[in-house]
Amino acid sequence: MSSRSQARGGLRAAIITGAILVPGLVLLALARNQELIADETATRGIIVLIGLAVAAWGNAIPKAMNGPPLDSVTLAGVRQGVFRTTGWAMTLLGLTVAGLWAFAPYDIAQSGTLVAVGVVIAVVFGTIIWRGVLLHRSSSS
């Protein structure tokens, strides 16, 4: 797959996500402005939509083939492993955020979102470091 077709695929995914996300956000804003829903309900709806978008993008991460071909199968495996872990983490983050803001009390949703983001950051960076250490050990032996 050429880099141009990869770029087109990424652009297409961004347009589709925007085409779904923007009307939902506009409808929530209009409903709030017309006082059909409370401010908190609009805020929750917006964050639920954003969480679902994060989950969709997380689902696409492992399928992405970004960058030039790597020099070895080992490096390609490391990259794919990091992409897979990052994709799972982002998908679960998006679903967690959407679920928290849809069903949990406001304070718990706020705290839970911060905890979930922190866990995902730790998991992704931990995976990168762990894979890097394993790669270094295998290349030096």
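Note that the coordinates shown come from a computational prediction; the quantities given were computed from them, not determined experimentally. (Residues numbered from 1 in each chain as written. Predicted model: local features only at pLDDT ≥ 70, side-chain atom pairs only at ≥ 80, totals over all residues. Heavy atoms only, no water.)

Visitor: Tell me about the overall build of the protein chain, and please be specific about residues and values.
Guide: Assigned secondary structure in the protein chain consists of four helices and zero strands. Listed N to C, the secondary structure of the protein chain is α-α-α-α in terms of helices and strands. Since a compact globule built from 141 residues should have a radius of gyration of about 14 Å, the 19 Å found for the protein chain marks it as more spread out than a globular shape. Counting only C-alpha atoms, the protein chain reaches 65 × 35 × 15 Å along its principal axes. The buried share among the 141 residues of the protein chain stands at 25%. As displayed, the protein chain has an accessible area near 9,300 Å², and 70% of this comes from carbon and sulfur atoms. Here the protein chain holds 10 positive side-chain charges and 5 negative ones, and the gap between their average locations is 23 Å. (Helix = DSSP H or I, 4+ residues; strand = E, 2+ residues; numbered from the N terminus. Rg over C-alpha atoms; globule rule 2.2 N^0.38 Å. Buried < 20%, exposed > 50% of the residue type's maximum accessible area, 1.4 Å probe, protein only. Areas by Shrake-Rupley, 256 points an atom, 1.4 Å probe, with all protein chains shown as cover. Lys, Arg positive; Asp, Glu negative; His and termini not counted. Charge placed at Lys NZ, Arg CZ, Asp CG, Glu CD.)

Visitor: Let's hear about the environment of Q80: which residues, and what values?
Guide: Along the chain, Q80 falls in helix α3 (residues 73-103). Q80 sits in the partly exposed class, given a relative accessible area of 22%. Spatially, the C-alpha atom of Q80 lies 25 Å from that of I16, the residues being 64 residues apart in sequence.

Visitor: Account for helix α2 (residues 39-60), with residues named and values stated.
Guide: Taking 1.5 Å as the rise per residue, α2 with 22 residues should run 32 Å; its terminal C-alpha atoms sit 32 Å apart, in good agreement. Those residues of α2 that sit buried are A42, R44, G45, V48, G51, A53, A55 and G58. (Expected span 1.5 Å × (residues − 1).)

Visitor: Describe unusual backbone geometry, naming the residues involved and giving the relevant values.
Guide: Of note, the phi angle at E35 is positive, near 60 degrees, even though the residue is not glycine. Position of E35 among the secondary structure elements: in the loop between α1 (3-33) and α2.

Visitor: Quick rundown of the nonpolar core? Include the residues and the values.
Guide: V48, A89, L93, V97, A98, L100, W101, A104, A109, A116, V120 and V124 form the largest nonpolar core, which has 12 residues in total. At the level of secondary structure, the elements contributing two or more residues to this core comprise α3 and α4 (106-140). Among the elements that take part in this core, α3 stands out by supplying six residues, more than any other. Non-local contacts of W101, meaning those with residues more than four positions away in its chain, are made with R44, I47, V48, Y106, A109, Q110 and T113. (Core = buried A, V, L, I, M, F, W, Y, C linked by side-chain atoms within 4.5 Å. Contact = heavy atoms within 4.5 Å.)

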